[in-house]
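What follows is each chain in one-letter form.
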Amino acid sequence: MNALSCPLCRLPLMLNSQGVGCGNRHQFDRAKEGYLNLLPVQQKHSREPGDAKAQLQARRQFLQAGFFLPLRQRLQQVLPASAQQVLDIGCGEGYFTQGIAEALGSAQVYGMDIAKAGVRLAAKTAKSEAMGTRLIYAVASSFDLPLADESMDLVTRIYAPSKDAELYRVIKSGGMLVIVSPGEQHLLGLRQRIYREVRPHQLTPVPEGFRLIEQQSLLADLTIAQPELRAALLDMTPFAWRMSAELKASLINELFVDRMDFTLSLYNKM
Ligand SMILES: C[S@@+](CC[C@H](N)C(=O)[O-])C[C@H]1O[C@@H](n2cnc3c(N)ncnc32)[C@H](O)[C@@H]1O
Ligand SMILES: [Zn+2]
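Because the structure is predicted, anything quoted here is derived from the model rather than measured. (Residues numbered from 1 in each chain as written. Chains lettered and ligands numbered in written order. Predicted model: local features only at pLDDT ≥ 70, side-chain atom pairs only at ≥ 80, totals over all residues. Heavy atoms only, no water.)

A. Spotlight on the site of ligand 1. What surrounds ligand 1 is a group of 19 residues, the closest being Arg59, Gly90, Asp113, Ser142 and Ile158. Within the contact set of ligand 1, an oxygen atom lies 2.7 Å away from a side-chain nitrogen or oxygen of Asp113. Contact between ligand 1 and Ile114: a nitrogen atom at 3.3 Å from a main-chain N or O atom of the residue. A class-by-class count of the residues in the shell around ligand 1 yields 11 nonpolar, five polar and three charged. (Near = heavy atom within 4 Å. Polar contact = N/O pair within 3.5 Å; in protein donor to acceptor, adjacent residues only side chain to side chain. Nonpolar A, V, L, I, M, F, W, Y, C, P; charged D, E, K, R; others polar.)

Structure below.
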């Protein structure tokens, strides 16, 4: 089953040789990297919405080096093996999306992000690793998802914004939502270097219409020995952009020892 719906008229989108199209002849061609652009210009509030290319490239470099592998593995452990239709919202350059598809052998996995540069990187990797149509990447906004009502068994949201009502609309009754957010200790040492006073992370409120089933914490040391990977971490971390060039240079030159702290929240749609 294909869960995609037309971002212009909401009719189902059917796969065709060039991409996807609806019964009202709205056609969305597949880009050469293999992704679909399902973000109509009306929904694009800036020329390049979402994370910037340089930020996504830094994220790719950092994630590929394996620093957040413990999170990827933990995610793989908590996902329900029976999920067949899965959305990873705010998928970025696809590091976790790919991990989700690998863990759920036969599922159809959609990776969506509003930043075209991220979706492009993600799709390129999926193509080279022959993930075929099991993994569909699309440029789309989490505030207006091009997906049919009650079409997803599982939605994952790793550090990305979304709208509760949209999540509620696309998830099947009894389906699952997994949200990953930063915990208290996450990069605390780095935050203390940047801010005079470190404010605690906001707790993620339970999204409306969902019930919290379980919350897990993932705490681990994070030591970065290579200067170029310290630079990548600073470039992919929005709160790090506010520091002075001087501080940035000294952080890149010192050994980086900190902690990662993630909270995984598992919810059921009621
Ligand atoms: C911190 S990144 C996390 C990316 C990925 N989940 C990961 O952990 O590697 C947040 C992502 O949310 C995306 N984003 C921001 N606003 C969005 C929106 N309205 N709809 C979809 N994605 C959005 C950004 O482009 C960015 O790729
Ligand atoms: Zn249409």
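B. How the structure looks around the UniProt feature "binding site: Zn(2+)" (unreviewed entry) in the protein. Mapped onto this numbering, the UniProt entry gives "binding site: Zn(2+)" (unreviewed entry) at Cys6, Cys9, Cys22 and His26. For this annotated set, covering 21 residues, all C-alpha atoms fall within 8.5 Å of each other, a compact arrangement in space. For Cys9, the location among the structural elements is in the segment before β1 (14-15). For Cys9, the contacting residues outside a window of four places in its chain are Cys22, Asn24 and His26. Other than its neighbours up to four places away in sequence, Cys22 contacts Cys6, Cys9, Leu11, Pro12 and Leu13. (UniProt positions renumbered as here; feature names shortened; annotations may be inferred. Helix = DSSP H or I, 4+ residues; strand = E, 2+ residues; numbered from the N terminus. Contact = heavy atoms within 4.5 Å.)

C. Focus on the sheet that holds strand β6 (residues 108-113). One open sheet holds the eight strands; their spatial order is β4-β7-β6-β5-β8-β9-β11-β10, and the pairing between them is mixed. Lying at the two open borders of the sheet, with one neighbouring strand each, are β4 (36-37) and β10 (210-224). Where strand β9 (residues 171-182) lies against strand β11 (residues 256-269), seven bridges are found, and the strand directions are antiparallel. Looking at the pairing, Leu177 lines up with Tyr267 of β11. The sheet contacts of helix α4 (residues 116-128) involve β4, β6 and β7 (135-139), and relative to β7 the element is tilted by about 160°. (Pairing = 2+ DSSP bridges. Axes fitted to C-alpha atoms, helices over the stretch in contact; angles between N-to-C directions.)

D. Representation of the coordination of the zinc ion (ligand 2) in the model. Here the zinc ion (ligand 2) is held by Cys6 (SG), Cys9 (SG), Cys22 (SG) and His26 (ND1), and the distances to it run 2.1 to 2.3 Å. Around the zinc ion (ligand 2) sit four donor atoms, and with donor-metal-donor angles ranging over 100 to 117° the site reads as tetrahedral. Here the donor residues for the zinc ion (ligand 2) map to a single chain with the spacing C-x2-C-x12-C-x3-H. (Donors = N, O, S within 2.8 Å, 3.2 Å for Na, K, Ca; no water. Tetrahedral: all angles 85-135°; square planar, octahedral: opposite > 155°, others 65-115°.)

E. Quick look at the pairing of β6. Burial of β6 is extensive: six of the six residues sit out of reach of the surface. Judged by which residues are buried, β6 turns out to be covered on both faces: Gln108, Tyr110 and Met112 on one side and Val109, Gly111 and Asp113 on the other are all buried. Strand direction decides the pairing type here: strand β5 (residues 85-89) and β6, joined by five bridges, are parallel. By the bridge assignment, Leu87 is partnered in β6 with Tyr110. In the classification by handedness, the crossover that spans β5, the intervening helix α3 (residues 95-103) and the parallel β6 is right-handed. Relative to β7, β6 runs parallel, the two sharing five bridges. In the strand pairing of β7, Asp113 is matched with Val139. (Buried < 20%, exposed > 50% of the residue type's maximum accessible area, 1.4 Å probe, protein only. Right-handed = clockwise from strand over helix to strand, strands pointing away.)

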